[in-house]
Amino acid sequence: MSLFFIALLPPQDIQEYANQIKQYFAENYASRHAQKSPPHVTLQPPFKWVDNNLSVLEASLREFAKEQKSVPMTLSGFAAFPPRVIYIDVVKTPELLNLQADLMNQVEANLGIVDEVGKKRPFAPHMTVAFRDLTRQNFKAAWPEFENRQLYFEFTADKLTLLIHDGKRWNIKSEFAFVADE
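About the cut-offs
- In every chain, residue numbers begin from 1 and rise along the written sequence.
- For a predicted model such as this one, the threshold for reporting local features is a pLDDT of at least 70, and the threshold for listing and counting side-chain atom pairs is 80 or more; totals across whole chains, interfaces and linings nevertheless cover every residue.
- For the side-chain quantities, the full set of heavy atoms in the structure was used; hydrogens and water were omitted.
- For our purposes a nonpolar core is just a set of buried Ala, Val, Leu, Ile, Met, Phe, Trp, Tyr and Cys residues, chained together by side-chain atoms within 4.5 Å.
- Residue exposure (1.4 Å probe, protein chains only): buried if accessible area is under 20% of the type maximum, exposed if over 50%, otherwise partly exposed.
- Only heavy atoms matter for contacts: two residues are in contact if any of them lie within 4.5 Å across the pair.
- The salt bridge definition used is simple: a Lys or Arg side-chain nitrogen within 4 Å of an Asp or Glu carboxyl oxygen.
- For the purposes of this entry, the term helix denotes a DSSP run of H or I that reaches at least four residues, the term strand denotes a run of E that reaches at least two, and both are numbered from the N terminus.
- In this scheme Phe, Tyr and Trp rings, the latter by its six-membered ring, pair at centre separations within 6.5 Å, and the angle between planes marks the pair as stacked below 30 degrees, edge-to-face above 60, and tilted otherwise.
- To get an axis, fit a line to the C-alpha atoms, keeping to the stretch in contact for a helix; angles then go from 0 to 180 degrees between the N-to-C directions.
- Here the angle decides the label: under 35 degrees means roughly parallel, over 145 means roughly antiparallel, 65 to 115 means roughly perpendicular, and every other value means oblique.
- A clockwise turn of the near helix away from the far one marks a right-handed crossing, whereas an anticlockwise turn of less than a right angle marks a left-handed crossing.

A. Focus on the nonpolar core. Leu8, Phe25, Leu57, Ile86 and Leu160 are the most contacted members of the largest nonpolar core, which totals 48 residues. Among residues more than four places away in sequence, those in contact with Leu8 are His40, Val41, Leu43, Met73, Leu96, Leu99, Ala157, Lys159, Leu160 and Phe178. Phe5, Ala7, Leu9 and Leu163 belong to the second largest nonpolar core, which has 5 residues in total.

Here it is in structure tokens:
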């Protein structure tokens, strides 16, 4: 069994910007945990899947992606889940909310992957820059610095990304293009 999650990744230039912020948190606030994955917006949180059944998982995601249109994405400023998480805020659009809901329904119906927590609270799209190892004290120090900091990016998400955990960090396993645009 391996651990996987499904996400939208921004273009390389935005990833580099987000990674610089993660590095800043590592250097100034001793928060390194966010560096264990590429910058992303989680659609389906981590789940366990049998390795020799990977082709079934990938085929299902490929079929799902074929039916999807690219999603316009807007990153605007910073927000937080106190007392431990600081993130780049992702604007909730109908397209993004629908994509996430459709994906959750698809993986539950076709693969039996259920996110119990996600069923109980609304989807809050975000791109984490500091969490887990960000102490309450460092959160209190960092948040005023980022609370009103300006950040604005627009991009189009045109594929789903499946990430796998190697025991230390998250790596891209496969990508599935949205093809309903064509």
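After that view of the structure, there is still more to cover.
B. How the structure looks around the pattern of salt bridges. Taken as a whole and assessed by the stated rule, the structure comprises 3 salt bridges. Of the charged contacts, one joins Lys66 and Glu63 as a salt bridge, the two residues approaching to 3.1 Å between their closest N and O atoms. Residue Lys66 and its partner Glu63 are located together in helix H2 (residues 54-66), separated by 3 residues, close to a single helical turn. Between Lys159 and Asp158 there is a salt bridge, with its nearest N and O atoms 3.8 Å apart. Given a relative accessible area of 31%, Lys159 falls into the partly exposed group. The class for Asp158 is partly exposed, based on a relative accessible area of 37%.

C. Region of the structure containing the packing of aromatic side chains. In total, this model carries 11 aromatic pairs according to the counting rule given. Considering the side-chain rings of Phe5 and Trp170, the 4.7 Å spacing of their centres and the 85 degrees angle between planes classify their relative orientation as edge-to-face. Note that Phe5 is positioned in strand E1 (residues 2-8) and Trp170 in strand E8 (residues 170-177), a separation of 165 residues in sequence. Among the residues examined, Trp170 registers a relative accessible area of 12% and is labelled buried. Each member of the aromatic cluster is reached from another via a ring pair, and the members are Tyr24, Phe25, Tyr29, Phe78 and Phe146.

D. Here's a closer look at the packing of helix H1 (residues 12-29) against helix H5 (residues 136-147). Interhelical geometry of H1 versus H5 gives an angle of 135 degrees and a closest axis separation of 11 Å. Considered as vectors, H1 and H5 are oriented oblique to each other. Where H1 crosses over H5, the handedness of that crossing is right-handed. Of H5, the residues touching H1 (which contributes Ile21, Tyr24, Phe25 and Tyr29) are Asn138, Ala141, Ala142, Glu145 and Phe146.

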